[in-house]
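# Analysis of the macromolecular model
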Amino acid sequence: MLPRTILQVSFRCIDLSSALPKKRISFLQTLTTEQFLSGFKTFRMDGKKEPEESEDTTSAVSVEDTNPSSSTESSHTSSTDPGLLAGETVVREGKAAILFPSANEVFYNPVQEFNRDLTCAVITEFAREQLAQRGVRILVPGEKDRVVVRLSEEENGKEDQEASEQPEKEQQKEDEGDKKEYITASVGERCERGLRVLEGLAASGLRSVRFALEVPGLKSITANDYSAKAAALIARNAQHNNVSHILQASQRDASMVMYEVRGKKERYDVIDLDPYGSPSPFLDAAVQAVSEGGLLCVTCTDMAVMAGNSGETCYSKYGSMSIKSKYCHEMALRIILHSLDQRAAVYQRYIEPLLSVSVDFYIRVFVRVKTGQVVVKNSASKHALLYNCVGCGAFHLQRMGKKMSQGKHMKYSAANGPPVGPNCEHCRQRHQLGGPIWAEPIHDITFVQKVLGAISGNPTRFRTSKRIEGVLSMVTEELQDVPLYYVLDHLSSTVHCNTPPMLQFRSALMHAGYRVSLSHACKNAVKTDAPAGVLWDLIRCWEKSNPVKRERLSETSPAHHILSAEPTLQACFEIREDANPQSRKRHLTRFQENPQANWGPKARANAGGGISSELKDKRKQFQGKRKKPITDSSQLKSLPCKKFRKGTCTHGDKCCYSHELEQETNEEKMD
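As the structure is a computational prediction, the values presented were derived from the model and not from experiment.

What counts and what doesn't
- Residues numbered from 1 in each chain as written.
- Predicted model: local features only at pLDDT ≥ 70, side-chain atom pairs only at ≥ 80, totals over all residues.
- Heavy atoms only, no water.
- Buried < 20%, exposed > 50% of the residue type's maximum accessible area, 1.4 Å probe, protein only.
- Helix = DSSP H or I, 4+ residues; strand = E, 2+ residues; numbered from the N terminus.
- Pairing = 2+ DSSP bridges.
- Salt bridge = Lys/Arg side-chain N within 4 Å of Asp/Glu carboxyl O.
- Phe/Tyr/Trp six-rings, centres within 6.5 Å; stacked < 30°, edge-to-face > 60°.
- Lys NZ or Arg CZ within 6 Å of the ring centre and 35° of its normal.
- Lys, Arg positive; Asp, Glu negative; His and termini not counted.
- Contact = heavy atoms within 4.5 Å.

### Points about the pairing of strand β15 (residues 383–389)
- Extensive coverage of β15 is indicated by the burial of 6 of its 7 residues.
- The pairing of β15 with strand β19 (residues 431–438) spans 6 bridges and is classified as antiparallel. Residue pairing in the sheet places Leu 386 in a bridge with Gly 434 of β19.
- The hairpin turn running from β15 into strand β16 (residues 395–399), its antiparallel successor, is 5 residues long, and Gly 393 in that turn takes a positive phi close to 85°.

Here is the structure:
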């Protein structure tokens, strides 16, 4: 006979505004069977308590209740919960709740939450601009009056006048817009006049689900992935988040999906490419598949290639030779922009960079793609070769082409060069040749200010809003017409002297009549229109008050050649008030420290789940190798012999490394 049980009701408040109905009987009758069973705990009459689920399991049951405050959490649930399979995990980010396999079958990296938040913010502002022309007004939850943020401290009367006239112009546009008939578009709703979005490599579909739940004014979202498991997971996540009416899963090659919509009426308004590694195989199809004036979002995580460790590989992928230098992160941004513009020019198209950022271990660019044969002719003058001194780090740009105005016509010709001699004029070392790279501005400040204004006015929309505000604030402060930058630490270390304070060095440049700014890509960057000779004059002046022991310098060293010359200008290191940028005064989150260990790229997704055995062995072998150096030769017996593994060890039992571990693993494999 089955034991009798007593059911004890356990209610859980989902929202503070919800309350338990007074008539509990009628309330219980409205519950479904699954809801009924999931809300109760079972106790046996003999006093023995049935095994309960953990608190993590209980908190993960209500996976449909997304957190509006945009938090990320991971909870393990049992297979008995509705909508979940065995071993699955619920990942919450933004307003999305994603079902995720516990094994590494589908790629997911929580580090890139900043990337996804920033993308949602950029696409929202892009949709606001595009849909206003189609008679659609978007509604963003939590957004109040629009604010255009300006952080520059220019004191020119013209700019002050423009700033004062800006609200009047915006108000006039709003008044004109009120006379027109607009339809409104909210998040989670399908807009017939909205944007068509493609995520070419969607993995779990987290990014696409967030687009559907957080970006208004979308007509359709195609989340594509070549993996069958990923495509199935995308479809389940779309249904789980109730966005199947907007989001469609696709299992195809991303390039073929884009190649098939090259017709003008079938192109996507927004294409997002965030691959594991290099996006180069998809760029040719992407520049053709995006609509006229559409938005192309590209992420590159192969920073070792783009930062100069493998220049030949960078050239084969992006058509540009990377250089290992202090400005490598901004150079990586300019390399991917060069590659995009070069591929677009083949089809009489060109790019307009809206925002380009270097964050953590990757770079992210947002560009607008347009068509125009006349503008494409300017392409050669937008790209430049790079001459980099291997001794002192001084660099010079050489444009690939030049254009001259002749009345109503424009004449194009090859540029003159090179801009440098065989050896550096400052340290007499040789030059490296890199590039070509994008030499035009990498941001559209007007667009960036709109995104920044939306983030500042609605700080609770994203979990990483503070960091987005800090990064975009630095972007608006950068000198847009000055490619690349110097690093103050590197300048001082070249001559082996103490590093001057950043404010004093920036003030010295301003006293000399030059412009200077920071860079979001490097903490101690000095982006200035001053030539390299002026920078070395400032370092020479600083060295006189902070002398180095010149007798220890080699006569062939860069430091000896630089310090042996007298400065041609006298530096003034008195601190100016305008030398301190607004982002620094306001203590914005600009260069965030890694919140936890191993903050970086994750292991590539494995079709069978988990990580490969080779990667496990490699991690185990090198774990703590630098922290725990081997001082006693007897400790080597705990490490496997590599030569024995290859069958080339001739030492036998006299080998200082272990052969037993290898034998045990072989026996296990045979079993």
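### Section: the pattern of salt bridges
- Under the criterion given, the structure shown has 29 salt bridges.
- When the shortest N-O distance is used, the salt bridge between Glu 125 and Arg 128 registers 3.1 Å. Placement of both Glu 125 and Arg 128 in helix α4 (residues 113–132) is noted, with a separation of 3 residues, approximately one turn of the helix.
- Glu 125 sits in the buried class, given a relative accessible area of 3%.
- In this structure, Glu 330 and Arg 334 form a salt bridge, with 3.1 Å as the shortest nitrogen-oxygen distance. On the criterion of helical spacing, the pair formed by Glu 330 and Arg 334 is a turn pair, its members being 4 residues apart in helix α12 (residues 328–345). No difference in accessibility class separates Glu 330 from Arg 334, as the two residues are buried.
- Within this structure, Glu 93, Arg 116, Asp 117, Arg 210 and Glu 214 form a network of salt bridges that share partners.

### Brief notes about the sheet that holds strand β22 (residues 522–528)
- Taken in spatial order, the 3 strands make up an open sheet running β20-β22-β21, and their pairing is antiparallel. Each edge of the open sheet carries a strand with a single partner, namely β20 (486–487) and β21 (516–519).
- Bridging between β21 and β22 involves 3 bridges; their strand directions are antiparallel. Paired with Ser 519 across the bridge in β22 is Cys 522.

### Quick notes on the packing of aromatic side chains
- In the structure shown here, the tally under the stated rule is 4 aromatic pairs.
- Ring centres of Tyr 327 and Phe 395 lie 5.1 Å apart, and the angle between their planes is 65°; this geometry places the pair in the edge-to-face category. Pair noted here: Tyr 327 is in the loop between α11 (311–318) and α12 and Phe 395 is in strand β16, with a separation of 68 residues, a long-range link.
- For Phe 395, a relative accessible area of 13% corresponds to the buried category.
- Here a set of aromatic residues connected by ring pairs shows up, and it is made of Tyr 327, Phe 395 and Tyr 486.
- Positioned above the aromatic ring of Tyr 182, the side-chain terminus of Arg 137 is 4.7 Å from the ring centre.
- Positioned above the aromatic ring of Phe 114, the side-chain terminus of Arg 467 is 4.8 Å from the ring centre.

### Looking at the side chain of Asp 302
- Mapped onto the elements, Asp 302 comes out in the loop between β12 (290–300) and α10 (303–306).
- Buried charged residue Asp 302 carries no salt bridge. Nearest counter-charge: Lys 317, at 4.2 Å.
- With sequence-adjacent residues up to four places away left out, Asp 302 is seen in contact with Gly 277, Ser 278, Lys 317 and Tyr 318.

### A closer look at unusual backbone geometry
- With an omega of 0°, the peptide bond between Gly 417 and Pro 418 qualifies as cis.
- Residues other than glycine seldom take positive phi values, yet Gln 348 does so here, at roughly 60°.
- Relative to the helices and strands, Gln 348 is located in the loop between α12 and β13 (349–359).

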